[in-house]
Number of protein chains: 2
Amino acid sequence: MSASPAIPVTAPLDLPGIRTAVDAVLKSFLANKAATAADGGLPGEVTELLHDFIFAGGKRLRPLLCVLGWHTASNNTSGSSPAQAVQVGAALEMFHAFCLIHDDIMDHSTTRRGQPTLHHTLAARHRTGRTRALADDLGTSAAILTGDLALLWSDELLHDPHHGLKPDQREHVEPLIDLMRGEVMYGQYLDLIATGYPTPDTAPALAIIRYKTAKYTIERPLHIGAALAGADDPLMHQLSAFALPLGEAFQLRDDLLGAFGHPEHTGKPALDDLREGKHTVLIAHALQAADDTQTRLLHGLYGNPRLDEKNAETVRAVLRATGADQTVEHMITQRYEQALTALDHLPAPAGALHQLRALADKTVWRVS
Amino acid sequence: MSASPAIPVTAPLDLPGIRTAVDAVLKSFLANKAATAADGGLPGEVTELLHDFIFAGGKRLRPLLCVLGWHTASNNTSGSSPAQAVQVGAALEMFHAFCLIHDDIMDHSTTRRGQPTLHHTLAARHRTGRTRALADDLGTSAAILTGDLALLWSDELLHDPHHGLKPDQREHVEPLIDLMRGEVMYGQYLDLIATGYPTPDTAPALAIIRYKTAKYTIERPLHIGAALAGADDPLMHQLSAFALPLGEAFQLRDDLLGAFGHPEHTGKPALDDLREGKHTVLIAHALQAADDTQTRLLHGLYGNPRLDEKNAETVRAVLRATGADQTVEHMITQRYEQALTALDHLPAPAGALHQLRALADKTVWRVS
């Protein structure tokens, strides 16, 4: 079991402070795993590369929300430890690493957080004496396993004897974690089936957003943190009223950035999303409004794995010409305002509300 | 959360009875998940195909050992429920489904349990309107996700409010489950890195066997069941003394069957293992004893993905000519006898000992 690092007695309320505390838990956990592996003669590259992956970047959104969720409810006398919120937040981040690693394999992505994706790094590491094809194959398999290990280790972080879930918390917190994990998996599955076959129907795209992002990225982390602190049902509902529109706005922003964003900001090529052909609300609205020529262009170019920059610009031009980008910006603003309204009604300490507002602003109005 | 089926009050001691009880838990769990998915507009094929995968066959070895492990220790007055051993056994089987699904992807296997592997089935399901390559790609991704879901669901089976782990059991049982899962993942990783590059060195092959099979398949399930019933450390050590040699014998038998077995018995083509080029103890011994010609033949043919039946026969002939198959049979017998000796010293009820003996015989002397 992992040794506990020096966790501050209170869960920090400032976003950088939370991040530092969560990262300390992750660093310590991985260092412990690396030592165990070394003792057992097991490959060091797993913990090494997972460490590099996690610390290459990322917004730490879910741990931040988990700790803030804890703060919204911690007036309730639950006796829960603030260090727990940080520990569980770290577990959520480790779970997210699992999601991203597998996601990058399934999307055939080449870059994330400004560096090669894990399956690419692993392929490069094992190139010597192998053909390119075999090395790529091994890289993919090794990344599947590394992702699997990250998932297992997110569980171990939850089981930590010092700051993990206490027996009496399991009943209220564990089901939320299980729900969250099932929701994101199903969201990924819906996304997978729909990719490459965009239609003017926004319903599938909205379902994907709901499961894959709104619930997984914003709602459930808040719920989990709040449940750790003994939140009651009314508070949970109010957190959802904030989280679900914010989560939708977050994903809609992601889709806009994926189509129009700049690689130096987003850390991944601006062609990836257009080449993938995901069924987004953006493309659905474009197809709704497109004339015959525009429709033909979109179906011909969007989702083409060999799309070049020139044709990408054509796609972007069509998206703009149909007004789809404007429609989505309007949807983002609408949802952002819904989220802020819900925040006004959230019976939570002022400090937590302030940070949630700051987080909402960051996630909705970001450029990467 | 899953509804509890009618579990018999006592955990059955006969192997078919245990299997029936474990399968009932799995059926009920998956039916519940299917209903939830339908309510949420989520794809039904996930639970459908996972159900088909699990009920296509399999030896249920880990759940059997879990329940038998429980029986070895249930003289200890732990107050643990016999239905729990069945529930946790079901969780182990669901976890195993995750392992196999991902394993089949990484090994590029086409058949398992007499039917197409899950990634192949999913590719076929989504062939309409897609090129072969895109359908295969989607099948692989969907299988990665389905495997991921099986892993998450093995956790949910453990969290079942009726028969899952009780709070006071978590401290002793959960670490064993975490160890087991980490061990098999690392074993898979070692196996992956070594595949295609067999050498005369048996040490890597034995390390793979230890982590991937001896501990995962035999030792930990016994430990977990025993820990549920409150087993003390001496009993755990004695269970290991039985389990580790038996587990090694089991894998060595698997390697022999993989090279020499008949598809109608094993449920998978007899060429798969030879084409994969795994670094087994069998091939290591063959390379140790091989002369120049035999070495050249083995390096040229073993691990060739397009190996045909004729060349497979050549490989088998060389394996026999070097005496490697005899060496491995001898190792199997040695370990089987070690396991039986340990069984003689196991302070457990006679019924449990009898079943463990029966299981040892089945696993070591099987033809599939």
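See the structure shown above.
Residues numbered from 1 in each chain as written. Chains lettered and ligands numbered in written order. Predicted model: local features only at pLDDT ≥ 70, side-chain atom pairs only at ≥ 80, totals over all residues. Heavy atoms only, no water.

**Some words on the overall build of chain A**
Okay, step 1: Broken down by element type, chain A carries 16 helices and two strands.
Okay, step 2: Relative to its length of 368 residues, chain A is compact, with a C-alpha radius of gyration of 21 Å against a globular reference of 21 Å.
Okay, step 3: Along the three orthogonal principal directions, the C-alpha set of chain A runs to about 65 × 60 × 30 Å.
Okay, step 4: A total of 368 residues make up chain A; the buried ones form 61% of that total.
Okay, step 5: Across chain A, every contact between residues at least 6 apart in sequence was considered, and the portion connecting residues at least 24 apart equals 80%.
Okay, step 6: Of the roughly 13800 Å² of accessible surface on chain A, a fraction of 55% belongs to carbon and sulfur atoms.
Okay, step 7: Distance between charge centroids for chain A: 4 Å, based on 32 positive and 43 negative side chains. (Helix = DSSP H or I, 4+ residues; strand = E, 2+ residues; numbered from the N terminus. Rg over C-alpha atoms; globule rule 2.2 N^0.38 Å. Buried < 20%, exposed > 50% of the residue type's maximum accessible area, 1.4 Å probe, protein only. Contact = heavy atoms within 4.5 Å. Areas by Shrake-Rupley, 256 points an atom, 1.4 Å probe, with all protein chains shown as cover. Lys, Arg positive; Asp, Glu negative; His and termini not counted. Charge placed at Lys NZ, Arg CZ, Asp CG, Glu CD.)

**A word on the nonpolar core**
The nonpolar side chains of a soluble globular protein tend to be buried, and buried together.
Okay, step 1: Formed by 237 residues in total, the largest nonpolar core has its most connected members in Met94(A), Trp153(A), Met94(B) and Trp153(B).
Okay, step 2: Excluding residues that lie within four positions of it along the chain, Met94(A) makes contacts with Leu26(A), Phe29(A), Leu30(A), Leu50(A), Ile54(A), Ala150(A), Trp153(A), Ser154(A) and Leu157(A). (Core = buried A, V, L, I, M, F, W, Y, C linked by side-chain atoms within 4.5 Å.)

**Focus on the packing of helix H1 (residues 15–39) of chain A against helix H2 (residues 45–55) of chain A**
Residues and elements named next belong to chain A.
Okay, step 1: With their axes 9 Å apart at the nearest point, H1 and H2 run at an angle of 170° to one another. Between H1 and H2, the angle falls in the class roughly antiparallel. Here Asp 23, Leu 26, Lys 27, Leu 30, Lys 33 and Ala 34 of H1 lie close against H2, whose contacting residues are Thr 47, Leu 50, His 51, Ile 54 and Phe 55.
Okay, step 2: Residue composition of the contact of H1 with H2, by class: six nonpolar, two polar and three charged. (Axes fitted to C-alpha atoms, helices over the stretch in contact; angles between N-to-C directions. Parallel < 35°, antiparallel > 145°, perpendicular 65-115°, else oblique. Nonpolar A, V, L, I, M, F, W, Y, C, P; charged D, E, K, R; others polar.)

**Focus: unusual backbone geometry**
Both trends apply: most residues other than glycine have a negative phi, and most peptide bonds are in trans.
Okay, step 1: Of note in the backbone geometry, His108(A) takes a positive phi value of approximately 55° without being a glycine.
Okay, step 2: Position of His108(A) among the secondary structure elements: in the loop between helix H4 (82–106) and strand S1 (111–112).

**Observations regarding the packing of aromatic side chains**
Between two aromatic rings, the relevant description is the distance of the centres plus the angle of the planes.
Residues and elements named next belong to chain A.
Okay, step 1: On inspection of all chains with the given rule, the structure shows eight aromatic pairs over all chains.
Okay, step 2: Ring centres of Phe 95 and Tyr 216 lie 5.9 Å apart, and the angle between their planes is 65°; this geometry places the pair in the edge-to-face category. Here Phe 95 is found in helix H4, whereas its partner Tyr 216 is found in helix H8 (residues 202–228), with 121 residues between them in sequence.
Okay, step 3: For Tyr 216, a relative accessible area of 3% puts it in the buried group. (Phe/Tyr/Trp six-rings, centres within 6.5 Å; stacked < 30°, edge-to-face > 60°.)

**Quick look at helix H7 (residues 167–194) of chain B**
Residue and element names in this part refer to chain B.
Okay, step 1: Here H7 spans 41 Å end to end across 28 residues, near enough to the 40 Å set by a 1.5 Å rise per residue.
Okay, step 2: In the structure, H7 departs most strongly from a straight axis at Val 173, where the bend amounts to approximately 40° and where the proline Pro 175 lies between one and four residues downstream.
Okay, step 3: Burial of H7 is extensive: 21 of the 28 residues sit out of reach of the surface.
Okay, step 4: One or two residues past the end of H7 sits Gly 196, with phi positive at roughly 90°. (Expected span 1.5 Å × (residues − 1). Bend = angle between axes of the 7 residues up to and from the residue.)

**Description of the relation of the copies chain A and chain B**
Okay, step 1: The operation relating chain A to chain B is a screw motion whose rotation component is 180°, with 0.0 Å of axial translation and a residual RMSD of 0.0 Å. Considering both components of the superposition, the chain copies are consistent with a two-fold axis. No C-alpha of chain A lies nearer the rotation axis than that of Pro167(A), which sits 2.5 Å from it.
Okay, step 2: Looking at the interface residues of chain A, 100% of them are also at the interface in chain B, so both copies use one shared face. (Least-squares fit on C-alpha atoms with pLDDT ≥ 70 in both.)

**Points about the state of the cysteines**
All names here are of chain A.
Okay, step 1: Counting across every chain of the model gives zero disulfides over all chains.
Okay, step 2: In this structure Cys 99 is not part of a disulfide, and its nearest cysteine sulfur, from Cys 66, lies 15 Å away.
Okay, step 3: Judged by its relative accessible area of 5%, Cys 99 is buried. (Disulfide = S-S within 2.5 Å.)

**Here's the deal with the interface of chain A and chain B**
Okay, step 1: Listed per partner, the contact involves 51 residues of chain A and 51 residues of chain B.
Okay, step 2: Summed over both sides, the interface of chain A with chain B buries roughly 4600 Å², with 67% coming from carbon and sulfur.
Okay, step 3: When the buried area of chain A at its contact with chain B is split by residue, Leu145(A), Tyr186(A) and Tyr189(A) rank highest and sum to 17% of it.
Okay, step 4: Across the contact surface, chain A and chain B share four salt bridges.
Okay, step 5: Counting residues per element, the ones that place at least two in the side of chain A that touches chain B are H2, H4, helix H6 (132–158) and helix H7 (167–194) of chain A.
Okay, step 6: When grouped by side-chain class, the residues that make up the side of chain A that touches chain B number 28 nonpolar, 13 polar and 10 charged. (Buried area = accessible area lost by both parts, 1.4 Å probe. Salt bridge = Lys/Arg side-chain N within 4 Å of Asp/Glu carboxyl O.)

Honestly, that's just the spatial picture; any functional story needs more than this.
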